[in-house]
Amino acid sequence: MFFRLGDFLRSFFGRRRFEREMSSELRFHMEAYTEDLVRSGVPRGEAERRARLEFGGVERVREECRQSRGLRWSDELARNVRFALRTLRRSPVFAVTAIVTLALCIGANTAIYSVVDTVLLRPLPYPEPDRLGSLVVQVRTAGGGGMQNAHTGATWEGIRDGVTSIDTVVHNNWRQGVSLVSGDQVEYVSQQRVGAGFFRVLGVSLLRGREFTAQEDVPGGAAVTVLSYPLWKRLFGEETEAIGESILLRGEPFTVVGVAPPGFQSTVPADVWTPLRPSRTGEGSGTNYEITVRLPQETSWPEAQAQIRAVGAGLLQDDKPDGVEAYFAILPLQESLTRGIRDTLLLLWGAVGAVLLIGCVNIAGLLLARVGERQHEIATRMALGGGRGAVLRQLLTEAIVLGLLGGVAGVVLGYAGLRALEILGAGQFGMWQPLAIDGRVLGVTLLTALSAAVLFGLAPAIQACRLDVRSGLTESASRSVAGGRRRWMRRAMVAGEVALVMVLLVNAGALIRSYARLQGLDPGFDSTNVMTAQVPLQDARYKTTSSVARLFNESLDRIRELPGVESAAVGLSLPFQFGFNLPFERPGVREEGRTPITNMAYVTPDYFRALRIPLVQGRLLRETDTADATKVVLVNEAFVEWYMDGDEPVGAFLKISGLERQVVGVVGDVQQMNAGAQGPLLRELPSVYMPVAQTSEGFMPLVHTWFQPSWIVRTTGPQQGLIGHIQNSVAAVDPQLPFAGFRTMDEVRGGVLAGQRFRVVLLGTLAGLALVLAAVGLYGLIANTVVERTREMGIRLALGATGSQAVRSVALPGLGLGLAGVFVGGAGAWMSASVIASLVWGVSMDDPWIFGAVAVCLMLIVSLASFLPALRVARLNPAETLRKE
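Predicted model only: the values in this text are computed from it and were never measured.

## Some points on the overall build of the protein
Part 1 of the argument: A tally of regular secondary structure across the protein gives 29 helices and 25 strands.
Part 2 of the argument: When each of the 885 residues of the protein is scored for burial, the buried share is 51%.
Part 3 of the argument: Within the protein, residue pairs in contact and separated by at least 24 positions form 80% of the contacts whose partners lie at least 6 positions apart.
Part 4 of the argument: Of the roughly 40,300 Å² of accessible surface on the protein, 57% is carried by carbon and sulfur atoms.

Here is the structure:
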């Protein structure tokens, strides 16, 4: 076998040499035979004639030689490709339509697959990524189940001490913005706090220095840090070792002990890494830690799962409610890191697959009609000795040429689509490698193009091979190939297109309606001319309430003096954002079966004026609500509804962080991010607002671990240079505080809804593209039917049928196909509702309004696509039609 393969390759790539040698050898044998005959007394002319007769046709012998070397199929392929290109050049409208359709479908597939490949399929950029996992708690209840990958400090200690055969490390998994000062450089950088051994567990060796030791990763441990490679270059340049250098991080000196290698990506994007210093108290008393594990080579996944589950049983027993099954498990790290985007990407990948299938069905329909038009040509080839296999190969070659041309155009469109995805989905993907159309993606695109070519080319080719030669040479129109009884194939494909479009449109409609509901929510405040700016206060210089209050007061006094500023304030959190959850008590009121929790935010007195949040009852906070005054709070209407049980809120007392505080007012609700697994993305949540000056000592360092306070500035109108003025005002108070960024309140809401917008735009675009393709397919079917039935319609009109009757007889089958597709697609959309149910809020996936609106819209498009080409029948002149036929 290998000898024959080598022989073929030598002949194929040395084709000219092979042809010369074959001609020379044939000539030699003929001349030698001629000379033998001449020597035996045969005249030379007669000898040459006999030699030619003995050898037969020279070209036949050449073909036999080529076939023995396996070159015949390559010659046939080359001829078929040349013929296919000539055929497409003679039919530019068909060629352009098919290639553009394929380019759109394959381009969309290429762009989406690039993201899927980068995020979900490519291994994480760590050594042996298949040995990395994330510790999770699997929860099962009678109503379903869930998964949680956040743990307490007690859980970490139990796992660390109880599971010694698996390498584990604790860390947080969110970006924390902090201030960094090195010399005269002040920067806002992203920090990740990690436990000792973090880099070791990931399998990464530092470029310079070392990582943290166990002695440094404890409360009160040494202040050390590891820098990312870009930050090291930016601060010190590659000439400086940097190890042992001191920088101000979070307002305190940190010693640089290591530099990460170039291109290193942590579990979250970070510029610096500092010790987590885990404990059971403070941050460690809540579920704020994540645990990553690396399995040793000698430990299998089932063995590791069994060890973790055995140790975790005792850790979870005390906290497990009745009727709930909870146990520890190890989830592959990549799956854990991509949980938030996995469903969206798989949904989009399925959608572009459906669009590609619709495109293939369209082109298959075009090819079926085209085969009908070419039946005389095909029948003639068969009558002249061309086998059905040769016809099949020729038509498949034409389909493959179309597929490859569409694939090349699709790569170009895919590249443009990928750039658009980068802009639209910025911050949505959580990637470790850059998005790119590389060899892997090109290979999949080529495979997709070839598969699509076979998919849309096979049915027309097989149909053509079934052609009856006699009827193909005698019948007009395309009754022997694509007409009559065999037209059912194209009709079934068009009905399938409509069904797929129905599924896509219902899902897109649910997302659009969900997004519209979120956009249409009353925010509860006025966002006009409001600018916000966040500043990181996880800073050693701002650990006390008095230092934070002084920073706020002095900077706000300067900002209020700026021209055009109507009001200015500071708040721990903004509307549309997550709030800081705290438990509370109502003295003298016993809560049965629940621990009341509320969102809590400290604010300066002008917070409600700056955002124009209305006062419902009582009074707002005042400048006189100082540390020495009576401790007071405001609550919102949602708090009253959830927790006051009909009691008068103003004058009631709440116990928060061990201190009793009196409710002095009720304010309106604002939309906030819902941290719960169930319910809408945004909703009115119970909230408590307290004066900055009255927060308890020790509260500031804790809350600023997760939250960055926002400066809120309302102006009388658009103000030029406002951002620079705000920066200068804060820098005049503390020049070592960098800003995390400036956003209007509309941009804050846009950021919260970015994921929803990303899904709506992409799925809506794909559904729209599918709708257009299905309409084109149905239009083409009816238009082809008009051509096929022209003589029939002429006879009907001549016999007295009206134009409207003729139009209806042509168009009604299209409406029937559309109706069948709507019913089948509606059932498919209902069955696939669970796929998208977790991605929508405030919308039921069996909402009859969505199904009804989509069905009506789809039938309108089907009606247009059916009646527009059918109207040509009404313009037929029976006499001219019959004379032409």
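Having seen the model, we can carry on.
## Section: unusual backbone geometry
Part 1 of the argument: Even without glycine at this site, arginine 277 takes up a positive phi of about 55 degrees.
Part 2 of the argument: On the secondary structure map, arginine 277 appears in the loop between β10 (272-275) and β11 (290-294).
Part 3 of the argument: Residues other than glycine seldom take positive phi values, yet serine 657 does so here, at roughly 55 degrees.
Part 4 of the argument: Note on placement: serine 657 falls in the loop between β19 (653-656) and β20 (659-667).

## Re helix α28 (residues 848-874)
Note: α-helices contain 3.6 residues per turn, so residues at a spacing of three or four share the same orientation.
Part 1 of the argument: Taking 1.5 Å per residue, 27 residues should reach 39 Å; α28 reaches 38 Å between its end C-alpha atoms and fits that length.
Part 2 of the argument: Residues Ile850, Phe851, Val854, Ala855, Leu858, Met859, Val862, Ala865, Ser866, Pro869, Ala870 and Val873 constitute the buried set of α28.

## Some points on the environment of valine 412
Part 1 of the argument: With respect to the helices and strands, valine 412 occurs in helix α14 (residues 388-424).
Part 2 of the argument: In sequence terms valine 412 and glycine 107 are 305 residues apart; their C-alpha atoms lie 7.2 Å from each other.

## Focus on the pairing of β11
Part 1 of the argument: The buried fraction of β11 amounts to 5 of the 5 residues, a majority that puts the element mostly inside the structure.
Part 2 of the argument: Side chains Glu290, Thr292 and Arg294 of β11 all project onto a buried face; the interleaved residues Ile291 and Val293 project onto the opposite face, where all are buried too.
Part 3 of the argument: With 3 bridges connecting them, strand β1 (residues 132-141) and β11 associate as antiparallel partners. The partner of leucine 132 across the bridge, within β11, is arginine 294.
Part 4 of the argument: As defined by bridge partners, strand β3 (residues 167-171) adjoins β11 across 5 bridges and the pair is classed as antiparallel. Paired with histidine 171 across the two strands is glutamate 290, which belongs to β11.

Definitions and cut-offs
- Residues numbered from 1 in each chain as written.
- Predicted model: local features only at pLDDT ≥ 70, side-chain atom pairs only at ≥ 80, totals over all residues.
- Heavy atoms only, no water.
- Helix = DSSP H or I, 4+ residues; strand = E, 2+ residues; numbered from the N terminus.
- Buried < 20%, exposed > 50% of the residue type's maximum accessible area, 1.4 Å probe, protein only.
- Contact = heavy atoms within 4.5 Å.
- Areas by Shrake-Rupley, 256 points an atom, 1.4 Å probe, with all protein chains shown as cover.
- Expected span 1.5 Å × (residues − 1).
- Pairing = 2+ DSSP bridges.

Interpretation in functional terms is not warranted from these geometric data alone.
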